[in-house]
Amino acid sequence: MDSIQLTGIRAEGTHGVLEDEHSTAQPFVVDVVMQVDTRLAATTDNITDTVDYGQIANRIVHIIEGEHVDLIETLAQRIANAILQSHAVQQVTVTVHKPQAPITVPFDDVSVTITRAQEIESWLLSGQTEPSIASKVSSLAHEQQNATLQSTQRSLSEHISHTAHAEHTERAEYGNERNAEPSMHHAVIALGGNIGNVEQTLRSAIVSIDSIPGNQISGISPLYRTQPWGMPDGTPEFYNAVVQLDTMLDARTLLHTLQTIEATFGRRRDKHWSNRTLDLDIIDFDHTTNSDPMLSLPHPRAWQRAFVLAPWLALDPDAQLVGAHSGAVAELLPNTPDAHAVTLVSQSWILGDSAHID
Ligand SMILES: Nc1ncnc2c1ncn2[C@@H]1O[C@H](COP(=O)(O)OP(=O)(O)OP(=O)(O)O)[C@@H](O)[C@H]1O
Ligand SMILES: Nc1nc2c(c(=O)[nH]1)N=C(CO)CN2
(Lines give C-alpha, C1' and ligand atoms only; values in the text may rest on other atoms or scores of the structure.)
(Ligands and ions follow the chains in the order given, each with its own letter.)
Protein backbone atom coordinates (compact mmCIF):
# COMPACT_ATOMS: atom_id res chain seq x y z
CA MET A 1 0.00 0.00 0.00
CA ASP A 2 1.20 3.53 -0.76
CA SER A 3 1.78 5.91 2.09
CA ILE A 4 1.78 9.66 2.68
CA GLN A 5 3.97 10.83 5.52
CA LEU A 6 3.69 14.08 7.40
CA THR A 7 6.33 14.63 10.05
CA GLY A 8 7.22 17.25 12.63
CA ILE A 9 3.82 18.99 12.89
CA ARG A 10 4.29 21.26 15.88
CA ALA A 11 1.86 23.14 18.07
CA GLU A 12 1.44 24.10 21.72
CA GLY A 13 -1.14 22.42 23.90
CA THR A 14 -2.12 22.03 27.55
CA HIS A 15 -2.09 18.25 27.77
CA GLY A 16 -0.72 16.35 30.73
CA VAL A 17 -1.58 14.82 34.05
CA LEU A 18 0.06 17.46 36.27
CA GLU A 19 -2.05 20.44 37.35
CA ASP A 20 0.49 22.89 35.94
CA GLU A 21 0.28 21.27 32.50
CA HIS A 22 -3.45 22.09 32.36
CA SER A 23 -2.72 25.82 32.28
CA THR A 24 0.80 26.19 30.83
CA ALA A 25 1.09 25.26 27.17
CA GLN A 26 4.03 23.14 26.02
CA PRO A 27 5.10 21.86 22.59
CA PHE A 28 3.77 18.65 21.05
CA VAL A 29 5.16 17.23 17.82
CA VAL A 30 3.22 14.81 15.65
CA ASP A 31 4.27 12.47 12.84
CA VAL A 32 1.72 10.57 10.79
CA VAL A 33 1.99 7.87 8.16
CA MET A 34 -1.25 7.49 6.16
CA GLN A 35 -1.92 4.41 4.05
CA VAL A 36 -3.61 5.69 0.91
CA ASP A 37 -4.09 4.05 -2.47
CA THR A 38 -2.69 6.83 -4.67
CA ARG A 39 -3.19 5.11 -8.04
CA LEU A 40 -6.47 6.84 -8.93
CA ALA A 41 -5.13 10.27 -7.97
CA ALA A 42 -1.98 9.63 -10.00
CA THR A 43 -4.20 8.98 -13.03
CA THR A 44 -6.67 11.83 -12.56
CA ASP A 45 -4.15 14.22 -10.98
CA ASN A 46 -7.01 15.34 -8.78
CA ILE A 47 -6.81 16.16 -5.08
CA THR A 48 -10.30 14.76 -4.36
CA ASP A 49 -9.02 11.28 -5.22
CA THR A 50 -6.41 11.33 -2.47
CA VAL A 51 -5.96 13.04 0.87
CA ASP A 52 -5.21 16.74 1.21
CA TYR A 53 -2.18 16.76 3.54
CA GLY A 54 -2.64 20.49 4.22
CA GLN A 55 -6.08 19.75 5.67
CA ILE A 56 -4.64 16.91 7.73
CA ALA A 57 -1.94 19.20 9.15
CA ASN A 58 -4.63 21.74 10.13
CA ARG A 59 -6.71 19.07 11.84
CA ILE A 60 -3.68 17.92 13.86
CA VAL A 61 -2.89 21.45 15.03
CA HIS A 62 -6.57 22.02 15.89
CA ILE A 63 -6.54 18.95 18.15
CA ILE A 64 -3.20 19.79 19.81
CA GLU A 65 -4.40 23.34 20.53
CA GLY A 66 -7.86 22.13 21.52
CA GLU A 67 -9.48 20.58 24.54
CA HIS A 68 -7.15 19.36 27.31
CA VAL A 69 -6.49 15.65 27.73
CA ASP A 70 -4.27 14.05 30.35
CA LEU A 71 -2.50 11.47 28.18
CA ILE A 72 -0.58 11.57 24.92
CA GLU A 73 -2.28 8.22 24.23
CA THR A 74 -5.63 10.07 24.15
CA LEU A 75 -4.20 12.83 22.00
CA ALA A 76 -2.87 10.26 19.52
CA GLN A 77 -6.26 8.54 19.39
CA ARG A 78 -8.05 11.84 18.73
CA ILE A 79 -5.63 12.65 15.94
CA ALA A 80 -6.08 9.20 14.40
CA ASN A 81 -9.88 9.59 14.57
CA ALA A 82 -9.70 12.98 12.89
CA ILE A 83 -7.46 11.68 10.09
CA LEU A 84 -9.69 8.66 9.47
CA GLN A 85 -12.53 11.09 8.71
CA SER A 86 -10.84 11.23 5.31
CA HIS A 87 -11.96 7.99 3.79
CA ALA A 88 -9.05 7.87 1.37
CA VAL A 89 -6.89 7.05 4.41
CA GLN A 90 -7.24 3.33 5.01
CA GLN A 91 -4.89 3.16 7.98
CA VAL A 92 -2.89 5.69 9.93
CA THR A 93 0.07 5.52 12.28
CA VAL A 94 0.29 8.49 14.62
CA THR A 95 3.26 9.34 16.81
CA VAL A 96 2.86 12.08 19.42
CA HIS A 97 6.09 13.43 20.91
CA LYS A 98 6.17 15.46 24.10
CA PRO A 99 9.77 16.73 24.17
CA GLN A 100 9.32 18.92 27.28
CA ALA A 101 7.40 16.41 29.37
CA PRO A 102 7.89 16.84 33.14
CA ILE A 103 10.50 14.10 33.55
CA THR A 104 13.03 14.75 36.30
CA VAL A 105 16.02 13.05 34.67
CA PRO A 106 17.75 14.18 31.46
CA PHE A 107 15.92 12.78 28.41
CA ASP A 108 15.68 13.39 24.68
CA ASP A 109 12.04 12.73 23.97
CA VAL A 110 9.02 10.73 25.02
CA SER A 111 6.46 9.58 22.49
CA VAL A 112 3.58 7.21 21.86
CA THR A 113 2.82 5.55 18.53
CA ILE A 114 -0.55 4.05 17.61
CA THR A 115 -1.90 2.49 14.41
CA ARG A 116 -5.62 2.64 13.61
CA ALA A 117 -7.53 1.43 10.57
CA GLN A 118 -10.58 2.81 8.80
CA GLU A 119 -13.78 1.84 10.53
CA ILE A 120 -16.73 4.18 10.46
CA GLU A 121 -17.45 3.59 14.11
CA SER A 122 -13.95 4.60 15.13
CA TRP A 123 -14.93 8.22 14.79
CA LEU A 124 -18.70 8.01 15.04
CA LEU A 125 -18.21 6.87 18.59
CA SER A 126 -16.14 8.60 21.19
CA GLY A 127 -14.94 5.55 23.02
CA GLN A 128 -16.50 7.26 26.05
CA THR A 129 -19.78 5.45 25.49
CA GLU A 130 -20.54 2.41 27.64
CA PRO A 131 -19.08 -0.54 25.62
CA SER A 132 -22.22 -2.65 25.19
CA ILE A 133 -24.19 0.37 23.99
CA ALA A 134 -21.23 1.42 21.89
CA SER A 135 -21.09 -1.87 20.02
CA LYS A 136 -24.84 -1.82 19.31
CA VAL A 137 -24.79 1.78 18.12
CA SER A 138 -21.66 1.16 16.14
CA SER A 139 -23.09 -1.76 14.20
CA LEU A 140 -26.29 0.20 13.61
CA ALA A 141 -24.26 3.15 12.41
CA HIS A 142 -22.29 0.84 10.17
CA GLU A 143 -25.39 -0.76 8.68
CA GLN A 144 -27.06 2.57 8.17
CA GLN A 145 -23.88 3.93 6.67
CA ASN A 146 -23.57 1.09 4.18
CA ALA A 147 -27.25 1.33 3.29
CA THR A 148 -26.97 5.08 2.81
CA LEU A 149 -23.90 4.77 0.65
CA GLN A 150 -25.36 2.03 -1.53
CA SER A 151 -28.69 3.76 -1.97
CA THR A 152 -27.03 7.12 -2.65
CA GLN A 153 -24.64 5.67 -5.19
CA ARG A 154 -27.46 3.80 -6.95
CA SER A 155 -29.61 6.91 -7.03
CA LEU A 156 -26.67 9.02 -8.14
CA SER A 157 -25.79 6.81 -11.10
CA GLU A 158 -29.47 6.70 -12.14
CA HIS A 159 -29.61 10.50 -11.89
CA ILE A 160 -26.42 10.96 -13.90
CA SER A 161 -27.48 8.62 -16.70
CA HIS A 162 -30.99 10.16 -16.78
CA THR A 163 -29.75 13.73 -17.00
CA ALA A 164 -27.06 12.78 -19.50
CA HIS A 165 -29.77 11.48 -21.88
CA ALA A 166 -32.31 14.20 -21.25
CA GLU A 167 -30.09 17.24 -21.24
CA HIS A 168 -27.15 16.51 -23.47
CA THR A 169 -27.58 19.78 -25.35
CA GLU A 170 -27.86 21.93 -22.25
CA ARG A 171 -25.44 24.80 -21.89
CA ALA A 172 -22.94 24.76 -19.04
CA GLU A 173 -24.35 26.45 -15.98
CA TYR A 174 -23.39 26.59 -12.33
CA GLY A 175 -20.82 23.89 -12.71
CA ASN A 176 -23.05 21.77 -14.93
CA GLU A 177 -20.44 21.40 -17.62
CA ARG A 178 -21.78 18.45 -19.52
CA ASN A 179 -19.58 18.78 -22.55
CA ALA A 180 -16.47 19.83 -20.69
CA GLU A 181 -13.97 17.83 -18.70
CA PRO A 182 -15.26 17.36 -15.16
CA SER A 183 -13.71 19.92 -12.87
CA MET A 184 -13.48 20.48 -9.17
CA HIS A 185 -16.00 22.69 -7.41
CA HIS A 186 -16.17 24.15 -3.94
CA ALA A 187 -19.45 24.02 -2.08
CA VAL A 188 -20.66 25.11 1.32
CA ILE A 189 -23.40 22.89 2.72
CA ALA A 190 -25.58 23.61 5.75
CA LEU A 191 -26.81 20.73 7.88
CA GLY A 192 -29.61 20.85 10.40
CA GLY A 193 -32.28 18.84 12.13
CA ASN A 194 -34.56 18.80 15.14
CA ILE A 195 -35.87 15.23 15.44
CA GLY A 196 -34.03 12.23 16.89
CA ASN A 197 -30.35 12.07 17.80
CA VAL A 198 -29.45 14.95 15.53
CA GLU A 199 -25.78 15.09 16.50
CA GLN A 200 -25.33 11.46 15.44
CA THR A 201 -27.39 11.99 12.27
CA LEU A 202 -25.28 14.99 11.26
CA ARG A 203 -22.07 13.02 11.81
CA SER A 204 -23.36 10.13 9.72
CA ALA A 205 -24.59 12.49 7.01
CA ILE A 206 -21.11 14.00 6.76
CA VAL A 207 -19.62 10.51 6.30
CA SER A 208 -22.23 9.84 3.61
CA ILE A 209 -21.45 13.06 1.74
CA ASP A 210 -17.70 12.36 1.96
CA SER A 211 -18.20 8.78 0.75
CA ILE A 212 -19.64 9.77 -2.62
CA PRO A 213 -16.96 9.28 -5.30
CA GLY A 214 -15.52 12.66 -6.27
CA ASN A 215 -16.45 14.28 -2.96
CA GLN A 216 -14.08 15.29 -0.23
CA ILE A 217 -15.20 17.14 2.87
CA SER A 218 -12.53 19.74 3.50
CA GLY A 219 -13.88 21.53 6.57
CA ILE A 220 -16.40 20.86 9.34
CA SER A 221 -17.78 23.65 11.54
CA PRO A 222 -18.50 23.47 15.24
CA LEU A 223 -21.97 22.26 16.24
CA TYR A 224 -24.58 24.84 17.29
CA ARG A 225 -27.87 24.52 19.16
CA THR A 226 -30.31 26.95 17.56
CA GLN A 227 -33.80 28.25 18.19
CA PRO A 228 -36.27 27.40 15.42
CA TRP A 229 -36.19 30.13 12.78
CA GLY A 230 -39.54 31.10 11.25
CA MET A 231 -41.34 28.22 12.93
CA PRO A 232 -44.20 28.22 15.48
CA ASP A 233 -43.65 28.45 19.25
CA GLY A 234 -43.11 25.04 20.79
CA THR A 235 -41.08 23.72 17.81
CA PRO A 236 -38.18 21.65 19.18
CA GLU A 237 -34.80 23.35 18.94
CA PHE A 238 -32.41 22.51 16.12
CA TYR A 239 -28.78 21.50 15.85
CA ASN A 240 -26.92 23.07 12.93
CA ALA A 241 -23.48 22.89 11.34
CA VAL A 242 -21.81 23.74 8.03
CA VAL A 243 -19.28 21.82 5.94
CA GLN A 244 -17.02 22.79 3.08
CA LEU A 245 -16.89 20.30 0.23
CA ASP A 246 -14.57 19.78 -2.71
CA THR A 247 -16.65 18.00 -5.34
CA MET A 248 -16.50 16.78 -8.90
CA LEU A 249 -20.31 16.76 -9.02
CA ASP A 250 -22.15 19.61 -10.71
CA ALA A 251 -24.54 21.59 -8.50
CA ARG A 252 -27.72 19.80 -9.54
CA THR A 253 -26.22 16.35 -9.12
CA LEU A 254 -24.91 17.41 -5.73
CA LEU A 255 -28.40 18.61 -4.70
CA HIS A 256 -29.91 15.34 -5.85
CA THR A 257 -27.31 13.43 -3.85
CA LEU A 258 -28.00 15.49 -0.74
CA GLN A 259 -31.75 14.88 -1.08
CA THR A 260 -31.14 11.14 -1.36
CA ILE A 261 -29.05 11.24 1.81
CA GLU A 262 -31.81 13.25 3.57
CA ALA A 263 -34.35 10.61 2.56
CA THR A 264 -32.16 7.78 3.85
CA PHE A 265 -32.06 9.47 7.23
CA GLY A 266 -35.85 9.60 7.35
CA ARG A 267 -36.45 13.13 6.06
CA ARG A 268 -40.08 13.65 5.04
CA ARG A 269 -41.06 16.50 2.76
CA ASP A 270 -44.73 16.77 3.60
CA LYS A 271 -44.74 20.36 4.88
CA HIS A 272 -42.64 23.47 4.32
CA TRP A 273 -40.39 24.28 7.30
CA SER A 274 -41.56 21.29 9.24
CA ASN A 275 -39.69 19.35 11.91
CA ARG A 276 -37.02 17.24 10.26
CA THR A 277 -34.44 14.56 10.99
CA LEU A 278 -32.01 16.04 8.48
CA ASP A 279 -31.89 19.05 6.18
CA LEU A 280 -29.00 19.54 3.76
CA ASP A 281 -28.91 22.83 1.83
CA ILE A 282 -26.36 24.09 -0.68
CA ILE A 283 -25.43 27.52 0.62
CA ASP A 284 -22.76 28.35 -1.94
CA PHE A 285 -21.41 26.65 -5.05
CA ASP A 286 -18.26 28.16 -6.57
CA HIS A 287 -19.61 31.63 -5.62
CA THR A 288 -22.11 31.30 -8.50
CA THR A 289 -25.59 32.85 -8.58
CA ASN A 290 -28.72 31.24 -9.95
CA SER A 291 -32.43 31.98 -9.46
CA ASP A 292 -33.93 28.62 -10.47
CA PRO A 293 -36.38 27.76 -7.62
CA MET A 294 -35.25 24.13 -7.88
CA LEU A 295 -31.72 25.26 -7.08
CA SER A 296 -31.18 28.86 -6.02
CA LEU A 297 -27.61 29.95 -5.44
CA PRO A 298 -26.49 31.11 -3.09
CA HIS A 299 -29.22 29.73 -0.83
CA PRO A 300 -31.78 32.58 -0.92
CA ARG A 301 -32.36 32.74 2.83
CA ALA A 302 -28.80 32.13 4.05
CA TRP A 303 -28.13 35.86 4.49
CA GLN A 304 -30.81 36.15 7.19
CA ARG A 305 -30.07 32.93 9.11
CA ALA A 306 -27.63 32.95 11.99
CA PHE A 307 -28.06 29.18 12.19
CA VAL A 308 -26.21 29.05 8.84
CA LEU A 309 -23.90 32.07 9.12
CA ALA A 310 -22.58 31.40 12.65
CA PRO A 311 -21.19 27.93 11.87
CA TRP A 312 -19.98 29.11 8.46
CA LEU A 313 -18.10 32.02 10.04
CA ALA A 314 -16.58 29.76 12.69
CA LEU A 315 -15.30 27.52 9.92
CA ASP A 316 -14.11 30.32 7.64
CA PRO A 317 -13.58 33.77 9.19
CA ASP A 318 -13.19 35.23 5.66
CA ALA A 319 -16.40 33.67 4.30
CA GLN A 320 -18.21 35.83 1.74
CA LEU A 321 -21.79 35.50 0.54
CA VAL A 322 -22.37 36.40 -3.12
CA GLY A 323 -25.60 37.48 -4.85
CA ALA A 324 -28.36 39.94 -3.99
CA HIS A 325 -27.44 40.06 -0.30
CA SER A 326 -23.71 39.79 -0.76
CA GLY A 327 -21.25 40.63 1.96
CA ALA A 328 -18.81 39.31 4.47
CA VAL A 329 -20.50 36.69 6.62
CA ALA A 330 -18.91 38.42 9.64
CA GLU A 331 -20.92 41.56 8.81
CA LEU A 332 -24.16 39.83 7.85
CA LEU A 333 -24.33 37.67 10.99
CA PRO A 334 -24.98 40.42 13.60
CA ASN A 335 -27.96 41.67 11.53
CA THR A 336 -29.80 38.35 11.44
CA PRO A 337 -32.98 38.05 13.53
CA ASP A 338 -31.69 34.91 15.23
CA ALA A 339 -28.18 36.24 15.96
CA HIS A 340 -28.76 35.73 19.70
CA ALA A 341 -30.55 32.42 19.29
CA VAL A 342 -27.54 30.29 18.35
CA THR A 343 -25.38 28.62 20.99
CA LEU A 344 -22.08 26.86 20.44
CA VAL A 345 -22.34 23.23 21.60
CA SER A 346 -18.98 21.78 20.67
CA GLN A 347 -15.92 22.46 18.55
CA SER A 348 -14.96 18.80 18.35
CA TRP A 349 -18.41 17.21 18.06
CA ILE A 350 -17.39 15.40 14.88
CA LEU A 351 -15.06 13.25 16.97
CA GLY A 352 -18.01 12.16 19.08
CA ASP A 353 -16.92 13.81 22.32
CA SER A 354 -19.39 16.68 22.72
CA ALA A 355 -21.64 16.98 25.75
CA HIS A 356 -24.58 14.60 25.70
CA ILE A 357 -27.50 15.91 23.66
CA ASP A 358 -30.98 14.66 24.45
N1 LIG B 1 -29.59 26.10 -2.52
C2 LIG B 1 -30.52 25.15 -2.30
N3 LIG B 1 -30.26 24.11 -1.47
C4 LIG B 1 -31.22 23.15 -1.24
N5 LIG B 1 -32.44 23.14 -1.80
C6 LIG B 1 -32.74 24.15 -2.64
C7 LIG B 1 -31.80 25.19 -2.92
N8 LIG B 1 -32.40 26.07 -3.80
C9 LIG B 1 -33.60 25.60 -4.05
N10 LIG B 1 -33.84 24.45 -3.39
C11 LIG B 1 -35.09 23.71 -3.50
O12 LIG B 1 -35.83 23.91 -2.33
C13 LIG B 1 -36.71 22.80 -2.21
C14 LIG B 1 -37.14 22.66 -0.77
O15 LIG B 1 -35.99 22.32 -0.01
P16 LIG B 1 -36.10 21.95 1.50
O17 LIG B 1 -37.18 20.96 1.72
O18 LIG B 1 -34.71 21.62 1.98
O19 LIG B 1 -36.58 23.35 2.10
P20 LIG B 1 -36.66 23.74 3.59
O21 LIG B 1 -35.42 23.23 4.25
O22 LIG B 1 -37.96 23.30 4.18
O23 LIG B 1 -36.64 25.31 3.54
P24 LIG B 1 -35.42 26.29 3.25
O25 LIG B 1 -35.07 26.12 1.79
O26 LIG B 1 -35.98 27.63 3.61
O27 LIG B 1 -34.27 25.89 4.14
C28 LIG B 1 -35.94 21.62 -2.72
O29 LIG B 1 -36.78 20.71 -3.37
C30 LIG B 1 -34.92 22.21 -3.67
O31 LIG B 1 -35.18 21.89 -5.02
N1 LIG C 1 -32.80 26.96 13.97
C2 LIG C 1 -33.20 26.50 12.77
N3 LIG C 1 -34.35 26.93 12.25
C4 LIG C 1 -34.75 26.50 11.03
C5 LIG C 1 -33.96 25.58 10.32
C6 LIG C 1 -32.75 25.13 10.90
O7 LIG C 1 -31.99 24.29 10.31
N8 LIG C 1 -32.39 25.63 12.12
N9 LIG C 1 -34.35 25.16 9.08
C10 LIG C 1 -35.44 25.65 8.54
C11 LIG C 1 -35.79 25.27 7.14
O12 LIG C 1 -34.72 24.78 6.49
C13 LIG C 1 -36.36 26.57 9.21
N14 LIG C 1 -35.89 26.95 10.49
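Treat the numbers as computed from the prediction; the structure is a model and nothing was measured.

Draft legend 1. Spatial organisation of the overall build of the chain. Assigned secondary structure in the chain consists of 10 helices and 14 strands. Buried positions account for 51% of the 358 residues belonging to the chain. Residue pairs in contact within the chain that sit at least 24 positions apart in sequence constitute 70% of those at least 6 positions apart. For the chain, the exposed area adds up to about 17100 Å²; of that, 52% sits on carbon and sulfur atoms.

Draft legend 2. Summary view of the sheet that holds strand 2 (residues 26–36). Pairing within the open sheet is antiparallel, and its four strands lie in the order 1-2-3-4. Every other strand in the sheet has two partners, leaving strand 1 (3–13) and strand 4 (111–117) as the edge strands with one partner each. Going across the sheet, the axis of each strand differs from the next one's by a mean of 15°, ignoring polarity. Here eight bridges tie strand 2 to strand 3 (residues 89–97), and the two strands are oriented antiparallel to one another. When the sheet's bridge partners are listed, V30 is paired in strand 3 with V96. Running at roughly 30° to strand 1, helix 3 (residues 53–65) makes contact with strand 1 and strand 2 of the sheet.

Draft legend 3. Summary view of the pairing of strand 8 (residues 238–247). Burial analysis of strand 8 places nine of its 10 residues in the buried class, which makes it a mostly covered element. In terms of strand pairing, strand 5 (residues 185–193) meets strand 8 through nine bridges, oriented antiparallel. Bridge pairing in strand 8 places G193 opposite Y239. Pairing between strand 7 (residues 223–226) and strand 8: three bridges, direction antiparallel. Residue R225 lies in a different strand from strand 8, and its bridge partner there is Y239.

Draft legend 4. Here's a closer look at the packing of aromatic side chains. The tally for this structure, following the rule as stated, stands at one aromatic pair. Summarising the aromatic geometry, the rings of W229 and F307 are spaced 6.3 Å apart at their centres and angled 75° between planes, so their arrangement reads as edge-to-face. Of this pair, W229 sits in the loop between strand 7 and strand 8 while F307 sits in helix 9 (residues 306–315), and the two are 78 residues apart along the sequence. According to the relative accessible area criterion, F307 is buried, its value standing at 15%. Above the face of the W229 ring, R305 is positioned so that its terminal group lies 4.5 Å from the ring centre.

Draft legend 5. Focus on the site of ligand 2. Taken together, T226, Q227, P228, W229, M231, F238, N240, W273, R276, D279, R305 and F307 make up the full set of residues adjacent to ligand 2. A distance of 2.8 Å separates a nitrogen atom of ligand 2 from a polar atom in the backbone of W229. Here an oxygen atom of ligand 2 sits 3.0 Å away from a polar atom, N or O, in the side chain of D279. Taken together, the residues of the shell around ligand 2 sort by class into six nonpolar, three polar and three charged.

Draft legend 6. Focus on the nonpolar core. In this structure, V32, M34, I60, I79, V94 and V96 are the most contacted members of the largest nonpolar core, which totals 61 residues. Per-domain counts for this core show at least three residues from each of domain 1 (3–118) and domain 2 (131–351). Setting aside anything within four residues of it in sequence, one finds V96 in contact with F28, V29, V30, I72, L75, A76, I79, V110, S111 and V112. Formed by 20 residues, the second largest nonpolar core is a distinct cluster that contains V188, W229, L315 and A319.

Draft legend 7. Here's a closer look at the packing of helix 3 against helix 4 (residues 72–84). Interhelical geometry of helix 3 versus helix 4 gives an angle of 145° and a closest axis separation of 10 Å. Crossing geometry of helix 3 relative to helix 4 is assigned as right-handed. Between helix 3 and helix 4, the residues in contact are I56, R59, I60, I63 and I64 and L75, R78, I79, A82 and I83, respectively. For the contact of helix 3 with helix 4, the per-class residue count stands at eight nonpolar, no polar and two charged.

Draft legend 8. Here's a closer look at helix 3. Compared with an ideal rise of 1.5 Å per residue, which puts 13 residues at 18 Å, helix 3 spans 18 Å between its outermost C-alpha atoms and is within 8% of the ideal. Buried residues along helix 3 sit against strand 1, strand 2, helix 4 and strand 6 (215–220). The N-cap residue of helix 3 is D52: its side-chain oxygen and the backbone nitrogen of G54 are 3.0 Å apart.

Draft legend 9. Up close: the confidence of the model for the chain. Model confidence for the chain is summarised by a mean pLDDT of 83, while 80% of its residues fall at 70 or above. This model gives residues 120–145 a pLDDT under 50, and the stretch forms 42 contacts once residues within four places in sequence are excluded. Counting interchain partners and residues more than four positions distant, the pLDDT-below-50 stretch residues 163–179 has 30 contacts. Here the prediction assigns the complex a pTM of 0.62, and the interface score ipTM is 0.96.

Draft legend 10. A look at unusual backbone geometry. Between L297 and P298 the backbone carries a cis peptide bond, its omega angle lying at -10°. Of note in the backbone geometry, H287 takes a positive phi value of approximately 60° without being a glycine. Take H287: it is sitting in the loop between strand 9 (279–285) and strand 10 (290–292).

Draft legend 11. A look at the environment of Q77. Within the secondary structure, Q77 sits in helix 4. Looking at Q77, the relative accessible area reads 26%, which means it is partly exposed. Sequence separation between Q77 and I114 is 37 residues, and the spatial gap between their C-alpha atoms is 7.5 Å. Leave out the neighbours within four places in its chain, and Q77 touches I114 and R116.

Quick notes on the rules
- Residues numbered from 1 in each chain as written.
- Chains lettered and ligands numbered in written order.
- Predicted model: local features only at pLDDT ≥ 70, side-chain atom pairs only at ≥ 80, totals over all residues.
- Heavy atoms only, no water.
- Helix = DSSP H or I, 4+ residues; strand = E, 2+ residues; numbered from the N terminus.
- Buried < 20%, exposed > 50% of the residue type's maximum accessible area, 1.4 Å probe, protein only.
- Contact = heavy atoms within 4.5 Å.
- Areas by Shrake-Rupley, 256 points an atom, 1.4 Å probe, with all protein chains shown as cover.
- Pairing = 2+ DSSP bridges.
- Axes fitted to C-alpha atoms, helices over the stretch in contact; angles between N-to-C directions.
- Phe/Tyr/Trp six-rings, centres within 6.5 Å; stacked < 30°, edge-to-face > 60°.
- Lys NZ or Arg CZ within 6 Å of the ring centre and 35° of its normal.
- Near = heavy atom within 4 Å.
- Polar contact = N/O pair within 3.5 Å; in protein donor to acceptor, adjacent residues only side chain to side chain.
- Nonpolar A, V, L, I, M, F, W, Y, C, P; charged D, E, K, R; others polar.
- Core = buried A, V, L, I, M, F, W, Y, C linked by side-chain atoms within 4.5 Å.
- Domains from an automatic or database assignment.
- Left-handed = near helix turned anticlockwise from the far one by under 90°.
- Expected span 1.5 Å × (residues − 1).
- pLDDT = per-residue confidence, 0-100.

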